[in-house]
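So the chains spell out like this:
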Amino acid sequence: MKDTSEEQTPDIPGDRAQAKQWLGELLAETQSCPGARVVLALDPEDSAEFTDTLREEAHGEHALLRRGTDYGSWLELRTRLEPSDPEPRFSAAEPILFPGHFDPATLAPEAGLKLLKTLADPDAFLAWGETQGSRKDFSCKADSDPLQNPGADRCKLIFEKPGTARTWAKASMLSELPGETSMRLRVSAGREPEDEGNRDLPTHRTVAELGEALLPGMQAIAQDPGLTKKLTQLLGGAPLLTQPIAYWNTPGGGALFHHDAFKEELKGGQRGVCFVQASGRTAWLALSTEALAHEVQAFLRGLLTGEWPDLEELFLGDATTKSTMLCLASDPESIIDQLILPGCGQLAGIVNQSPTFTALLADQGHALVLEPGDVLLLPNQGLRKTLMHSVFCASDEATYGLSMAIRESQPVRKVDQTVHRLGGGRKRRHSGRGQSRQGKSGGGKSSGNNSGH
């Protein structure tokens, strides 16, 4: 018999060995969302051999383009993390994924995509509103008041029902940029924006009723016993899904970083958002305000110490801007102050327009890709302890998804809104890949934040 005790496995040459080693380290220490496939950002400076080795482990590859900025490509690996207890993540305002919770066919994806075409014609939109609203005894008419944001808003319908609040549905583009095709249809009540944080439960029940009449798939979601049970366990009482928004993210579109919290007492307030992907795929960055503040702090320190010299002019600019960023880099609480502002305040350029920062967030475990039937919860524990998120289209055609505010049918308990004092920035996982991403693809022009959930 041949003696193989001293035989050794031949070394895998060059970049292939480095890729396998790096990938093994990434998978061993990833902090990606439980239930999600691990995502990493491809680096254009890596060799073809390195990149091809990573692709051997891929479930899919997604080129990210949004509002004229190229954010590079994400590789979605076959490795899917095991689900975990969602309650600690809910309390920490971290994303919670229920992969494949729904059979996509139950979410009426064809009707959802057909509705996108209806929104383009005001007369067809009104006829649709009259027909759908009548299913729940709502009357419908076109709103005669000026649109709040004529640059993005397209048409607004008013719905009325005896004994209930005056409700509405408004179709809007996701940005005012020329060529934008991503849209949303928001169902709500009252004045804009004064009543966006309205806490009246009867009004929210009316909005939910109208949403189920108008939006394909919402009734199936709201009446799903499995999802209701999961939300009840997290809330400590029966949930109410209301203030729905239908989203059509199209190639080149998506949403900038934003949150869905209000400055309010959390008991009786909005406890988060439930997003359900009905058709197509969307790519997300999703992490708590605390986690995003840490990542921004680490990025700022890298900028200020010369790690990305090609980005210094873009993000540090003149002496005044550099001084501001230096102050922020030493105080993550001040970073949170900026992140919770509309458009993310002075940090808008970094979090929304920097492909370098976007890639680092993905490699740090904050990226995930939603497929039809997936449910993503975006918890909220207060204005400074909420979930920040950014969305890209990851399909070649229009996608359809539903976003609904999570509230309690009967508010039953107070919750811990404590935000612990933040420490230093996190060590970046990507540091093992040498000098990659040094100042490449720094930024692009983009417009304001996407309000609402």
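See the structure above.
Counting from 1, residues in each chain are numbered in the order their sequence is written. Local features are withheld for residues below a pLDDT of 70 in this predicted model, meaning they are given only at 70 or higher, and side-chain atom pairs are given and counted only at 80 or more; totals for whole chains, interfaces and linings count all residues. Only hydrogens and water are set aside; all other atoms, that is, all heavy atoms of the structure, feed into the side-chain values.

A. Broad picture of the overall build of the protein. Looking only at helices and strands, the protein has 14 helices and 16 strands in total. For every residue, the accessible area obtained with a 1.4 Å probe (protein chains only) is divided by the maximum for its type, and the residue is called buried under 20%, exposed over 50%, and partly exposed between those limits. By the burial criterion, 55% of the 453 residues in the protein qualify as buried. Residues count as neighbours in contact if any of their non-hydrogen atoms are within 4.5 Å of one another. For the protein, long-range pairs separated by at least 24 residues make up 78% of all intrachain contacts whose partners lie at least 6 apart in sequence. To be clear on the numbers: accessible area is Shrake-Rupley with a 1.4 Å probe, and residue cover counts the displayed protein chains and nothing else. Total accessible area on the protein stands at roughly 19100 Å², and carbon and sulfur atoms take up 49% of it. The helix count covers DSSP runs of H or I at least four residues long, the strand count covers runs of E at least two residues long, and both are numbered beginning at the N terminus.

B. The arrangement of the sheet that holds strand β11 (residues 272-279) in detail. Strand order in the open sheet formed by nine strands is β4-β14-β11-β16-β9-β8-β7-β6-β5, and the pairing between neighbours is antiparallel. Lying at the two open borders of the sheet, with one neighbouring strand each, are β4 (96-98) and β5 (139-142). In this sheet, adjacent strand axes meet at a mean angle of 20° when their direction is disregarded. Taken together, the seven bridges between strand β9 (residues 239-248) and strand β16 (residues 400-408) define a ladder with antiparallel strand orientation. Residue pairing across strands places Y247 opposite G401, the latter belonging to β16. Docked against the sheet, helix α4 (residues 109-119) engages β7 (167-173), β8 (183-189), β9, β11 and β16, running at close to 60° with respect to β9. Here the axes come from fitting lines to C-alpha atoms, over the contacting stretch only for helices, and the angles between their N-to-C directions go from 0 to 180 degrees. Sheet strands touched by helix α5 (residues 122-134): β5, β6 (153-160), β7 and β8. Its angle to β6, the strand with the most contacts, is close to 25°. At least two DSSP bridges between two strands are required for those strands to pair.

C. Region of interest: the environment of D374. Its place among the elements puts D374 in the loop between β13 (367-370) and β14 (375-379). Relative accessible area serves as the criterion here: at 6%, D374 is assigned to the buried category. Placed 98 residues apart in sequence, D374 and V276 show a C-alpha to C-alpha distance of 5.9 Å. Non-local contacts of D374, meaning those with residues more than four positions away in its chain, are made with L97, F98, P99, G100, F275, V276, Q277 and V369.

D. A look at unusual backbone geometry. Of note, the amide linkage connecting E192 to P193 takes the cis form, showing an omega dihedral of -5°. One non-glycine residue, C344, adopts positive backbone phi at about 70°. Mapped onto the elements of the fold, C344 is located in the loop between α12 (332-339) and α13 (348-353).

E. Seen up close, the packing of aromatic side chains. Working definition: rings of Phe, Tyr and Trp (its six-membered ring) pair if their centres are within 6.5 Å, and the pair is stacked with planes under 30 degrees apart, edge-to-face with planes over 60 apart, and tilted otherwise. Evaluated as defined, the whole model comprises ten aromatic pairs. Residues F125 and W128 carry aromatic rings whose centres are separated by 5.7 Å and whose planes lie at 20° to one another, so their mutual orientation is stacked. Highlighted residues: F125 and W128, both in helix α5, separated by three residues, approximately one helical turn. In this structure, F125 and W128 share a single accessibility class: buried. Measuring from ring centre to ring centre gives 6.5 Å for Y247 and F275, while their planes differ by 45°; the resulting arrangement is tilted. A residue pair is termed long-range when its members are at least 10 positions apart, and Y247 in strand β9 and F275 in strand β11 qualify at 28 residues. Looking at Y247, the relative accessible area reads 5%, which means it is buried. Relative accessible area serves as the criterion here: at 4%, F275 is assigned to the buried category. In textbook terms, an aromatic cluster arises when at least three aromatic residues are bridged by ring pairs, as seen for F299, W308, F315 and F357. Whether a charge sits over a ring depends on NZ of Lys or CZ of Arg being within 6 Å of the ring centre and within 35 degrees of the ring normal. Residue placement shows R66 over the ring face of F392; its charged tip is 4.1 Å from the ring centre.

F. Representation of the sheet that holds strand β15 (residues 387-393) in the model. Pairing is antiparallel in the open sheet, where four strands are placed in the order β10-β15-β12-β13. Looking at which strands have only one partner, the edges of the open sheet turn out to be β10 (254-258) and β13. Going across the sheet, the axis of each strand differs from the next one's by a mean of 25°, ignoring polarity. Lying over the sheet, helix α9 (residues 289-304) contacts β10, β12 (282-288) and β15, oriented at roughly 95° with respect to β12.

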